[in-house]
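Understanding the architecture of this molecule
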Amino acid sequence: MKSKTPADKVMEWLNDSGKLATLGHAAAARALTVAVLQHGQKCITHHNVLLKRYEPALRLLTAPHEGTNDDEGCEHVLVAAAAGVWSGTHPHMAVVAVSRLLELGLCKP
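Below you will find a few notes about this structure. (Residues numbered from 1 in each chain as written. Predicted model: local features only at pLDDT ≥ 70, side-chain atom pairs only at ≥ 80, totals over all residues. Heavy atoms only, no water.)

What follows deals with helix H1 (residues 7-16). Listed in full, the buried residues belonging to H1 are Ala7, Val10, Met11 and Leu14. Viewed along the axis of H1, the buried residues span an arc of 95 degrees, placing them on a single side of the element. Those residues of H1 that are exposed and aimed more than 90 degrees away from the buried face are Asp8, Trp13 and Asp16. The inward-facing, buried residues of H1 contact helix H2 (19-23), helix H3 (25-39), helix H4 (44-53) and helix H5 (55-62). Directly after H1, the chain includes Gly18, whose backbone phi takes a positive value near 85 degrees. (Buried < 20%, exposed > 50% of the residue type's maximum accessible area, 1.4 Å probe, protein only. Helix = DSSP H or I, 4+ residues; strand = E, 2+ residues; numbered from the N terminus. Arc of directions from axis to C-beta. Contact = heavy atoms within 4.5 Å.)

Right under this line is the structure:
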């Protein structure tokens, strides 16, 4: 996150390192969402920039993947991660995060 690694490079690392195969798409999507939201907690603008930067990776991770446990998609893990990151400290930010995920089309209402 600090080095502003593009989404395609994050996906490349997940694939090349074997992390995606080990974790699965849902867990990888959850981990990336938590990392983005925690790193973007400076302000709402920073939060939005990071969600937008990693949108392509999140979209790939949450898309349906036939022949796996994620064959119906797993966008629900993004909502759970967003709510979980902020639930204890700033619950209003959970609403902002989920709203942004909806705006980006990463999850359904």
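So, next bit.
Take the environment of Thr62 next. The residue Thr62 is located in helix H5 in this model. On the basis of relative accessible area, Thr62 is assigned to the buried category, the value being 6%. Along the primary structure Thr62 and Lys9 are separated by 53 residues, whereas in three dimensions their C-alpha atoms are 17 Å apart.

Everything listed here is a matter of coordinates, which is why it stays silent on function.
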